[in-house]
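# An overview of the molecular structure
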Amino acid sequence: MRAIGIVLAGGNSKRMRELSRKRAIAAMPIAGSFRSVDFALSNMSNSHIQSVAVLTQYNSRSLNEHLSSSKWWDFGRKQGGMCVFTPTITAEHSDWYRGTADALYQNLDFLKRSHEPYVVLASGDGIYKLDYNKVLEYHIEKKADITVVCKDMPADVDVTRFGMVKTNADGRITEFEEKPMVNDSTTISCGIYVIRRRQLIELIERCANEDRYDFVQDILVRYKNLKRIYAYKLDTYWSNIASVEAYYQTNMDFLKPEVRSYFFKEYPDIYSKIDDLPPAKYNPGAVVKNSLVSSGCILNGSVENSVLFKKVYIGNNCVIKNSIIMNDVYIGDNTVIENCIVESRDTIRANTTYIGQPDDVKIVIEKNERYTL
């Protein structure tokens with residue numbers, strides 16, 4: 001592909017509440033065995049993008065460890081490959097990334113050293129499949145300056161946490177408003193952009209000279225009437241996990257056969273770092289219904305409509321319903337957990353009960369936490 005890739009994975013969201021205290025949003029576990037950033041990286045690899053940079057910042061320890069080897073996404077190459085960039089403190093520059101545009105500016109050398117004519121920018125918190133070649137073809141066909149991947153959302157979905165766009169009959173974006181208080185459109189930006197590399201360098205340098213730091217507000221919104229910005233409509237599954245409710249619902253979506261089949265059985269595949277763990281073990285008395293159970297789990301109780309990540313232990317007579325149990329959680333005997341997200345490395349004491357509401361998911365974090373990641 002005639003493009004380089006940049007994954008923006010350094011942000012934080014207060015909508016994630018306690019879940020983002022340990023890790024970056026791009027490192028959030030998804031569907032049992034994956035992390036959020038795996039989807040953007042897999043799309044880059046499947047689109048034959050050979051050179052990718054991942055920009056990390058907030059709580060990046062577990063994310064950097066996950067990205068420690070590029071071979072899992074087929075980026076282990078002599079030419080190109082994957083780079084992980086964190087804020088660089090120098091004698092002249094002592095700032096962390098002050099926004100997405102500033103993150104690109106601090107890593108401008110990566111853009112200038114590259115030879116590909118186009119850049120694919122993607123957020124690290126999106127769950128989707130997409131061939132970026134199709135977006136690039138659309139971009140060239142429309143003679144666009146910037147192409148934004150967009151999606152029409154159902155009318156009952158709250159879209160105020162996204163960028164809202166309006167387009168004309170040709171697909172050109174005529175209005176772009178970031179996180180509006182009141183929305184009068186259901187078309188949102190998915191946080192995926194295609195732009196010519198030299199033009200991106202020019203726009204980023206201009207932003208830096210004017211002390212502007214945000215790619216959406218200071219480029220997309222500001223230049224919507226000056227640049228040819230087009231919308232590429234995505235008609236397949238897409239979800240952004242940057243809130244507790246969205247994170248919970250996205251994992252629950254993977255319990256639907258059609259979603260599992262789309263991501264796990266249909267080409268192209270989604271790739272992730274592989275741990276050497278034994279298969280899940282179901283002891284006598286274990287009952288599992290419509291759940292995802294990952295490798296390394298040991299089950300003795302009842303699990304229904306839930307997602308269990310790696311190395312989860314479920315004790316005797318436990319009842320787990322409509323819940324997400326993250327990595328390396330020990331749940332003692334006779335425990336009831338319903339409509340909850342249990343944080344990783346927790347030890348849930350025996351004979352305890354945690355019940356949330358379907359529209360208000362409870363986050364369970366025990367103080368006797370074992371290590372953090």
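Taken in spatial order, the five strands line up as E16-E19-E22-E25-E28 in an open sheet, and their pairing is parallel. Strand pairing shows two members of the sheet lacking a second neighbour, strand E16 (292–293) and strand E28 (362–364), which therefore form its edges. Note that strand E19 (residues 307–308) and strand E22 (residues 324–325) share two bridges and pair parallel. Pairing of Leu-308 across the sheet is with Ile-325, part of E22.

Core analysis: the biggest nonpolar cluster contains 40 residues, and Val-7, Leu-41, Met-44, Leu-130 and Tyr-132 have the highest contact counts within it. Going through the elements one at a time, strand E1 (3–8), helix H1 (36–46), strand E4 (51–55), strand E6 (118–123), helix H5 (132–141), strand E11 (187–196) and strand E12 (229–233) are the ones with two or more residues in this core. Excluding residues within four positions of it along the chain, Val-7 makes contact with Val-37, Ala-40, Leu-41, Met-44, Val-52, Ala-53, Val-54, Leu-55, Ala-122, Ser-123 and Gly-124. Within the second largest apolar cluster, 36 residues are counted, among which are Tyr-193, Ile-201, Tyr-223 and Ile-229.

Before going further, it helps to examine the side chain of Asn-339. Inspection of the secondary structure assignment puts Asn-339 in the loop between strand E24 (336–338) and strand E25 (340–342). Residue Asn-339 is classed as buried on the basis of its relative accessible area of 7%. Among the polar contacts listed, one links the side chain of Asn-339 to the backbone oxygen of Gly-356, at a separation of 3.2 Å. Apart from the residues lying within four places of it in its own chain, the contact partners of Asn-339 are Tyr-248, Lys-321, Asn-322, Ser-323, Gly-356, Gln-357, Pro-358, Val-361 and Lys-362.

The final tally for this structure, using the stated rule, is 16 salt bridges. Between Arg-17 and Glu-245 there is a salt bridge, with its nearest N and O atoms 3.8 Å apart. Separated by 228 residues along the polypeptide, Arg-17 in the loop between E1 and strand E2 (29–30) and Glu-245 in helix H8 (residues 244–253) bring together distant segments of the chain. Looking at Arg-17, the relative accessible area reads 35%, which means it is partly exposed. For Glu-245, a relative accessible area of 46% translates into the label partly exposed. Salt bridges sharing partners connect three or more residues here, namely Glu-210, Arg-212, Asp-218 and Arg-222.

The next point concerns the sheet that holds strand E17 (residues 298–299). An order of E14-E17-E20-E23-E26 is seen for the five strands of this open sheet, with the pairing classed as parallel. Sheet topology places strand E14 (281–282) and strand E26 (347–348) at the edges, where each strand pairs with a single neighbour. Note: strand E23 (residues 330–331) against E26, two bridges, orientation parallel. By the bridge assignment for E26, Ile-331 is matched with Ile-348.

Between Tyr-267 and Pro-268 the backbone carries a cis peptide bond, its omega angle lying at 0°. Inspection of the secondary structure puts Pro-268 in the loop between helix H9 (257–265) and E14. In this model, Asn-59 sits at a positive phi of 45°, which is unusual for a non-glycine residue. Tracing the sequence through the fold places Asn-59 in the loop between E4 and helix H2 (61–66). Unlike most non-glycine residues, Asn-305 shows phi in positive territory, near 50°. Within the secondary structure, Asn-305 sits in the loop between strand E18 (302–304) and E19.

Among the ten residues of E11, nine are classified as buried, and the element is accordingly described as predominantly covered. Two elements, E6 and E11, share five bridges in a ladder whose sense is antiparallel. Residue pairing across strands places Val-120 opposite Val-194, the latter belonging to E11. Note: strand E8 (residues 146–152) against E11, six bridges, orientation antiparallel. From the neighbouring strand, Lys-151 faces E11, where its bridge partner is Ile-188.

Thresholds applied
- Residues numbered from 1 in each chain as written.
- Predicted model: local features only at pLDDT ≥ 70, side-chain atom pairs only at ≥ 80, totals over all residues.
- Heavy atoms only, no water.
- Pairing = 2+ DSSP bridges.
- Helix = DSSP H or I, 4+ residues; strand = E, 2+ residues; numbered from the N terminus.
- Core = buried A, V, L, I, M, F, W, Y, C linked by side-chain atoms within 4.5 Å.
- Buried < 20%, exposed > 50% of the residue type's maximum accessible area, 1.4 Å probe, protein only.
- Contact = heavy atoms within 4.5 Å.
- Polar contact = N/O pair within 3.5 Å; in protein donor to acceptor, adjacent residues only side chain to side chain.
- Salt bridge = Lys/Arg side-chain N within 4 Å of Asp/Glu carboxyl O.

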